[in-house]
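# Tertiary structure, described
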Amino acid sequence: MLGITQKSSRSISTVFRSFSTDKFNGVFPPIITPFDSKENISLDKLKKNLAVWDSKPFKGYTVLGSNGEFQLLSMNEKCNLVKCVKDFNPDKLVIAGSGQESTKLTIEGIDRLSDCGADVALVYNPCFYRGSMKHEAYMSHYLAIADASPIPILLYNVPANTAMDIPLNTILELAEHENIVGLKESSGNAVRIGEVVHHTAHLEFNVLAGSAGFMLSTYSVGAVGVIAALANVMGGEVCELHNAIKANSATALDLQYRLIAPNTAVTATYGIAGLKFVADKIGLDGTLPRRPIQPLPETDQHKLLQIMRKAGLSC
């Protein structure tokens, strides 16, 4: 087990920070959420997928990430997913997407997800009322969450979805809180990541790359691990790249080049529908996304498969 006793945010974060670099040093797929024909979550299909993913050297799993369609799930569904993943392999670190638009609901949600087995809460920045989301609002939001949370907090900067970055000065101030242990940075901005790593080096504040497409550049300035959608379907290759970079292997650059196109295909180009389509093609239960997300059009299916096959995936 992870050796984290759930008592108070202060005691947990002190213990966690002493092990944090090791805990985040690895690959964490933001796992897809399988549904049945009526769009209900299928835990049986999830367990089938977990059996495949557990054969890969993943450090843990990100449940309820952007690729897990977390915004389309009820709180009860979120809890069931986290519990299923944690029960399947208690030794894996479970990072749970926990952000909501209000501070109060985020705190309540983290409490429930923690009870279901989440080890770390991944919290995106509120964005619906973006005109009001300034430094002061973010500080109030995240500090209240960190003070109340029984598990450590990972900040989540995902401007492709929120249409705004968490300001750099906000991240640096929040990093001083002992229960805010890191950042998932999905912007791909290596300069920004380097700034965060440099200015938080004394804190063991951990930055994780938010995509397999820019692992080499972000690791080179201090990222310690990755939460990558591509790991759902090319987990072995993403882990290989992680290890190659860590070992300063000459193979890292070629492998990074190889993963750029398939990573872009299952994220920016074809999105969740594309990722789940490829998952189905390699024997996982990807299933259709939950509406309003639409299935991948037939006209795009062949194009996507060509990209994945060119990268070496049998599908």
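Residues numbered from 1 in each chain as written. Predicted model: local features only at pLDDT ≥ 70, side-chain atom pairs only at ≥ 80, totals over all residues. Heavy atoms only, no water.

Turning our eyes to something else, we now look at the state of the cysteines. With the rule as written, the count across this model stands at 0 disulfides. Cysteine 116 provides the cysteine sulfur closest to cysteine 84, a residue in no disulfide bond, and the two sulfurs are 11 Å apart. You can see cysteine 239 has no disulfide; the closest cysteine sulfur is in cysteine 315, sitting 19 Å from it. Classification of cysteine 239 as buried rests on a relative accessible area of 4%. (Disulfide = S-S within 2.5 Å. Buried < 20%, exposed > 50% of the residue type's maximum accessible area, 1.4 Å probe, protein only.)

Along the chain, threonine 218 turns up in helix α9 (residues 215-220). Relative accessible area serves as the criterion here: at 0%, threonine 218 is assigned to the buried category. Those residues in contact with threonine 218, other than ones at most four positions away along the chain, are Ile193, Ala209 and Ala223. (Helix = DSSP H or I, 4+ residues; strand = E, 2+ residues; numbered from the N terminus. Contact = heavy atoms within 4.5 Å.)

Mapped onto the elements of the fold, histidine 242 is located in helix α10 (residues 235-246). Of the residues examined, histidine 242 reaches a relative accessible area of 5% and is grouped as buried. It is 7.7 Å that separates the C-alpha atoms of histidine 242 and methionine 215, two residues lying 27 residues apart in sequence. Filtering out sequence-adjacent residues up to four positions away, histidine 242 remains in contact with Asn25, Gly26, Val27, Met215, Tyr219, Val224 and Gly225.

Here we take up the confidence of the model for the protein chain. This prediction gives the protein chain a mean pLDDT of 94; 94% of its residues lie at or above 70. Note on residues 1-15: pLDDT under 50 across the span, and 27 contacts to partners over four residues away in sequence or across chains. (pLDDT = per-residue confidence, 0-100.)

With that out of the way, let us pick up the nonpolar core. Formed by 102 residues in total, the largest nonpolar core has its most connected members in Phe24 and Met308. Top contributing element to this core by residue count: helix α3 (residues 75-88), with 6 residues. (Core = buried A, V, L, I, M, F, W, Y, C linked by side-chain atoms within 4.5 Å.)

What follows deals with the packing of α3 against helix α4 (residues 103-115). Axis separation between α3 and α4 bottoms out at 9 Å; the angle between their running directions is 35°. For the pair α3 and α4, the crossing hand works out as right-handed. Contacts between α3 and α4 involve Met75, Asn76, Lys78, Cys79 and Val82 from the first element and Gly109, Arg112 and Leu113 from the second. Its residues assigned to classes, the contact of α3 with α4 comprises 4 nonpolar, 2 polar and 2 charged. (Axes fitted to C-alpha atoms, helices over the stretch in contact; angles between N-to-C directions. Left-handed = near helix turned anticlockwise from the far one by under 90°. Nonpolar A, V, L, I, M, F, W, Y, C, P; charged D, E, K, R; others polar.)

Time to look at the sheet that holds strand β3 (residues 120-124). Here we have 7 strands laid out as an open sheet, ordered β1-β2-β3-β4-β5-β6-β7, and parallel in their pairing. For this open sheet the edge positions go to β1 (60-63) and β7 (225-226), each flanked by a neighbour on one side alone. With 4 bridges connecting them, β3 and strand β4 (residues 153-157) associate as parallel partners. Among the inter-strand pairings, alanine 121 is bridged to a residue of β4, identified as isoleucine 153. (Pairing = 2+ DSSP bridges.)

The next point concerns the layout of surface pockets. One number sums up the size of the largest pocket: a volume of about 680 Å³. If you trace the largest pocket, you find 28 residues lining it, with Ser66, Asn67, Tyr156, Val158 and Asn161 closest to the centre. Of the residues in the lining of the largest pocket, the class split is 14 nonpolar, 12 polar and 2 charged. (1 Å grid on protein atoms, 1.4 Å probe; cavity = no way out; pocket = protein on both sides within 12 Å on 5 of 7 lines; lining within 4 Å. Points joined across faces, edges and corners; volume = space filled by probe spheres on them.)

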